[in-house]
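Each chain, written out:
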Amino acid sequence: MGVIEGIGYLAGGFVVAAVVGMFAHWFDRKITARVQWRVGPPLFQPVYDFVKLLAKEVMVPEGASRFLFLSAPLFGLAATTVVSALFLRTVIFPGETFVGDLIVVIYLLTIPSQAIILGSFASANPLASLGGSREMKLVMSYELPFLLVVLVPVIKAGGTIRLGEIIQYQATQGAVIASISGVIAFVIALICMQAKLAKVPFDAPEAETEIMGGAYIEYSGVALGLFKLTQWMMMYVVPLFLMILFIGAVNWRQSWFNLLFAVLIYIGILLFITLVRNTNARLRIDQIMKFFWAMVTPFAVLAVILAFLGL
Amino acid sequence: MSLKIKALTKSIWVFHLAASPCNNCDIEILDLLTPRWDIERFGIQLVGSVRHADAILVTGSMNRKAHERVKRVISQAPQPCFVIALGNCACSMEMFGASYNQMHCLDEVTKVHAYIAGCPPKPEAMIQGIIALIEAQLAALKK
Ligand code: SF4
């Protein structure tokens, strides 16, 4: 693949993720408003928010590590962009992905969290550090069950770690979710996704009402805008990852209906995220860890064992 | 430039600064978020950190202790940021003006961009005040 083509994919991935992510954020706020019997923000609200943040002054707090503080949002944004570009290529040419892209995606998906941790520790604010340490514990909680359930489609597709092969396997043999292990794994993946996106009930690192936005407390202007954009892009990237792994619904080569189907599933997942976040209260960080390690991980292990047995 | 200004007027994030109010104004601010008024329609949001703020709503009559804190918080907001005095207390100290623990009125400490009177002001009055602020700023920019 040439350099030009690579840049094209990166730019395409960024634009797609930003546009869909902004839509996802608007959708989330609109549904929240409707649940609370309000009208909600207009469609272009995320665009206004982002452009406004670009125009604001960037402040670096006294005592903060300037370089780390300002570069942390870029790490997260870059990682999300690369994941989105990889997905774009995987969806367009499922046959041409490289070996191990699944592993790369899993790695890259943790970088936004690490960017939040770095940025919050660099900002020299006690509440931000609290948010950062909570984010760290949150990552430690959900990462293990998430990795385990990602194993399920890998096992089903005959031990491949190429996203393209997983999609092609599902196109011929039926979706992973159509089996017992697949269903369990998908439900667990949904729960982990909620934590990855740091939505209620797993939003302890942000906790608006408690630690005032936690990790983001000292961020303003462009830096805050980039963090928000990364968050919104994650709302596109993570659900798409689950759809590729478990449903394989993005296989448009078979029929164009699959694309429509994929959009519907994506909106369904967004709706699920929003409704869960509106009907639950925030868990404390120790409750989150207990929940993931004591309740979710055993089920994830069960799903892997079932997958090995071919169920 | 015009896009930025349009975005700013369409997405005002408000930081609520309680400088020793009687708490009634604050309750009325929360009313703005309820289904009846729902200011999220206009992109207005309450935020928890002053670093995210585009407007600072100050309530209360600022006693001796609050005085320094208000100055410090306002100085921490990224520009452009507007200060709105909400309620008679913040506008003029009202009946607490003669009290032993009051020093200065809010507009003696910092530049205030809008005054919203009332004790407490009605949510409609607050919306009107914010609209007046936006229009005044747009008119000032056009000149
Ligand atoms: S203006 Fe009235 S309602 Fe508002 S803080 Fe002052 S006394 Fe309370």
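Scroll up a little and you will see the structure.
First, a word on scope: everything that follows refers to the structure included in this document. (Residues numbered from 1 in each chain as written. Chains lettered and ligands numbered in written order. Predicted model: local features only at pLDDT ≥ 70, side-chain atom pairs only at ≥ 80, totals over all residues. Heavy atoms only, no water.)

1. So, the overall build of chain B
Looking only at helices and strands, chain B has six helices and five strands in total. Taken from the N to the C terminus, the helices and strands of chain B come in the order α-β-α-β-β-α-β-α-α-β-α. For 143 residues, the compact-globule estimate of 2.2 N^0.38 gives 15 Å, and the C-alpha radius of gyration of chain B, at 15 Å, lies within 12% of that figure. For chain B, the residues scored as buried account for 50% of the 143 residues in total. Across chain B, the fraction of contacts at a sequence separation of at least 24, relative to all contacts at a separation of at least 6, is 82%. Summing over all exposed atoms, chain B offers an accessible surface of approximately 7,200 Å²; the carbon and sulfur share of this is 58%. (Helix = DSSP H or I, 4+ residues; strand = E, 2+ residues; numbered from the N terminus. Rg over C-alpha atoms; globule rule 2.2 N^0.38 Å. Buried < 20%, exposed > 50% of the residue type's maximum accessible area, 1.4 Å probe, protein only. Contact = heavy atoms within 4.5 Å. Areas by Shrake-Rupley, 256 points an atom, 1.4 Å probe, with all protein chains shown as cover.)

2. Considering the sheet that holds strand β1 (residues 13–18) of chain B
Residues and elements named next belong to chain B. Spatially, the five strands line up as an open sheet ordered β2-β1-β3-β4-β5, and their pairing is parallel. The open sheet terminates on both sides in strands that have one partner only, identified here as β2 (45–47) and β5 (114–116). Here the average twist between neighbouring strands, direction ignored, is 30°. The sheet strands contacting helix α3 (residues 64–75) are β1, β3 (55–59) and β4 (82–86), and the helix crosses β1 at an angle near 165°. (Pairing = 2+ DSSP bridges. Axes fitted to C-alpha atoms, helices over the stretch in contact; angles between N-to-C directions.)

3. Let's talk about the site of the ligand
Residues and elements named next belong to chain B. Neighbouring the ligand are P21, C22, N24, C25, G87, N88, C89, F96, G118, C119 and P120. Those elements that place two or more of their residues in the shell around the ligand are α2 (24–31) and α4 (87–92). Among the residues making up the shell around the ligand, the classes are represented as seven nonpolar, four polar and no charged. (Near = heavy atom within 4 Å. Nonpolar A, V, L, I, M, F, W, Y, C, P; charged D, E, K, R; others polar.)

4. A word on the environment of Q231 of chain A
Secondary-structure assignment places Q231 of chain A in helix α9 (residues 221–247). In this structure, Q231 of chain A is in contact with E206 and Y216 of chain A, ignoring residues within four places of it in sequence.

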